[in-house]
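Overview (structure and organization)
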Amino acid sequence: MSVVTDLSSRTAVVTGGGSGLGYAAAEALKSAGARVVITGRREDVLRRASQSLGCDWISCDVADKASVDSLFKQIAESFGMLDILVNAAGLNVRNPALEITESEWDLVNDVNAKGTFLCCQAVARLMKGNNYGKIINIGSMASEIGIINAGAYAASKGAVRQLTMTLAAEWAPLGIRVNAILPGWFKTELTDKLFEDDAWRSRVLARIPLGKAGAPRDVGNLTLFLASELSDYMTGELIRLDGGALSW
Ligand SMILES: NC(=O)c1ccc[n+]([C@@H]2O[C@H](COP(=O)([O-])OP(=O)(O)OC[C@H]3O[C@@H](n4cnc5c(N)ncnc54)[C@H](OP(=O)(O)O)[C@@H]3O)[C@@H](O)[C@H]2O)c1
């Protein structure tokens, strides 16, 4: 392993780390030697994931400020310092804009947008003490384009994009880098049902120049880069990881 990707002196928290892209990010950080804590709401999922990753877990609902504050208080007490935060917790409710309810809108935006902000704010209060930190937000291609029947999700991921750029500028003097990965299509719990639909799958694959959906380890690899010193001069970047889908 090269010296610059050695994260053995670093501690990382991955929200949504019990499954999918968050799990892959946690796995990559672990492989580089980081001490990793995964979070989410389902304790059985976290327990299983932490056993296979060999990492710690703490349950947390990112949409609930008291739960987020308690998470980072426990982290500060147990580890003293936190160097890396990956905000991968997220969900989607697919519903046409004429049908979507207020509670569906609130749920999606509370988790994806407010939850990302609450975790960024809590972690930056810890990181500023060290004058160094890496925050990696998981946005979406919906941070850049509209997605039919996913208005609440697209609005929430647009917020992640704008928040990433704003926090990057605001917290650069504190040594905190804030970047975002914008994944295209990956098969996870979030998209399982879509991938079962042959017509949808063919339509989507035809839009991806590299001809396939992403693998969660692709997110892990990019996470590793953004978490390491290799990317120390980058902040406020929004990196598409979509097989070229948004390039044409
Ligand atoms: N899969 C894709 O194609 C794709 C594309 C673009 C962007 N993304 C984004 O990637 C991120 C990860 O999604 P995924 O595809 O890996 O799906 P996933 O496997 O469903 O992962 C989402 C994770 O978020 C956690 N979560 C949901 N609500 C939470 C809350 N209120 N508090 C804490 N944790 C919460 C879930 O755990 P609990 O249910 O246990 O809380 C779960 O582990 C999401 O932000 C998603 O929008 C995915």
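Details of the structure are given in the entry above.
To start, this report covers the structure provided alongside it. (Residues numbered from 1 in each chain as written. Predicted model: local features only at pLDDT ≥ 70, side-chain atom pairs only at ≥ 80, totals over all residues.)

Take the overall build of the protein next. Counting its secondary structure elements, the protein contains eight helices and seven strands. Against the compact-globule benchmark of 18 Å for 248 residues, the protein has a radius of gyration of 17 Å, which places it among compact chains. Viewed in the frame of its principal axes, the protein has a C-alpha envelope of about 50 × 40 × 35 Å. Per-residue burial for the protein yields a buried fraction of 44% across its 248 residues. Considering only intrachain contacts with a sequence separation of at least 6, the fraction spanning at least 24 residues in the protein is 71%. (Helix = DSSP H or I, 4+ residues; strand = E, 2+ residues; numbered from the N terminus. Rg over C-alpha atoms; globule rule 2.2 N^0.38 Å. Buried ≥ 20, exposed ≤ 12 C-beta atoms within 10 Å, placed from the backbone. Contact = placed C-beta atoms within 7 Å.)

Its 15 residues give helix α3 (residues 65–79) an end-to-end C-alpha distance of 21 Å, which sits within 8% of 21 Å, the value for a rise of 1.5 Å per residue. Residues of α3 that are buried: Val68, Leu71, Phe72 and Ile75. What you see down the axis of α3 is that its buried residues fit within an arc of 85°, all on one side. Among the exposed residues of α3, those oriented more than 90 degrees off its buried face are Ala66, Lys73 and Glu77. (Expected span 1.5 Å × (residues − 1). Arc of directions from axis to C-beta.)

Let us now look at the environment of threonine 188. By the element assignment, threonine 188 lies in the loop between β6 (176–183) and α6 (192–196). It is 8.2 Å that separates the C-alpha atoms of threonine 188 and proline 216, two residues lying 28 residues apart in sequence. Other than its neighbours up to four places away in sequence, threonine 188 contacts Ser19, Gly20, Leu21 and Pro216.

What follows deals with the site of the ligand. Looking at the ligand, there are 30 residues lining it, with Gly16, Gly20, Arg41, Arg42 and Gly90 nearest. Those elements that place two or more of their residues in the shell around the ligand are α1 (20–31) and α4 (102–127). Here the residues of the shell around the ligand are counted per class, giving 14 nonpolar, 12 polar and four charged. (Near = placed C-beta within 6 Å. Nonpolar A, V, L, I, M, F, W, Y, C, P; charged D, E, K, R; others polar.)

Read from one edge to the other, the open sheet built from seven strands follows the order β3-β2-β1-β4-β5-β6-β7, with strand pairing classed as parallel. Each having just a single partner strand, β3 (56–59) and β7 (238–241) make up the two edges of the open sheet. Across the sheet, the mean angle separating the axes of adjacent strands is 20° when strand polarity is ignored. By the bridge criterion, six bridges tie strand β5 (residues 133–138) to β6 in an arrangement that is parallel. (Pairing = 2+ DSSP bridges. Axes fitted to C-alpha atoms, helices over the stretch in contact; angles between N-to-C directions.)

Counting buried positions along strand β1 (residues 11–15) gives five out of five residues, so the element sits mostly inside the fold. Side chains Thr11, Val13 and Thr15 of β1 all project onto a buried face; the interleaved residues Ala12 and Val14 project onto the opposite face, where all are buried too. Both β1 and strand β2 (residues 35–40) contribute to a ladder of five bridges, which runs parallel. Bridging from a neighbouring strand, valine 14 pairs with isoleucine 38 of β2. Viewed along the sheet, the connection from β1 through α1 into β2 turns out right-handed. Relative to strand β4 (residues 84–87), β1 is paired through four bridges, and the arrangement is parallel. Looking across to β4, one finds that valine 13 is bridged to leucine 85. (Right-handed = clockwise from strand over helix to strand, strands pointing away.)

With respect to the helices and strands, the residue valine 37 is situated in strand β2. Residue classification places valine 37 among the buried positions, given that 25 C-beta atoms sit within 10 Å. The spatial distance from the C-alpha of valine 37 to the C-alpha of aspartate 56 is 4.6 Å, given a sequence separation of 19 residues. Aside from chain neighbours lying at most four places away, what touches valine 37 is Val13, Cys55, Asp56, Trp57, Ile58 and Ile75.

Of all hydrophobic cores here, the largest spans 65 residues; its most connected members are Ala25, Leu29, Val36 and Val123. With 10 residues, the top contributor of residues to this core is α4. (Core = buried A, V, L, I, M, F, W, Y, C linked by C-beta atoms within 7 Å.)

Look at α1 against helix α8 (residues 216–227): their axes get within 8 Å of each other, and the N-to-C directions meet at 50°. Judged by the inter-axis angle, α1 sits oblique to α8. With respect to the hand of their crossing, α1 and α8 are arranged in right-handed fashion. Contact with α1, carried on its side by Gly20, Leu21, Tyr23, Ala24, Ala25, Glu27, Ala28 and Leu29, involves Pro216, Arg217, Val219, Gly220, Asn221, Thr223, Leu224 and Ala227 of α8 and no other residues of that element. (Parallel < 35°, antiparallel > 145°, perpendicular 65-115°, else oblique. Left-handed = near helix turned anticlockwise from the far one by under 90°.)

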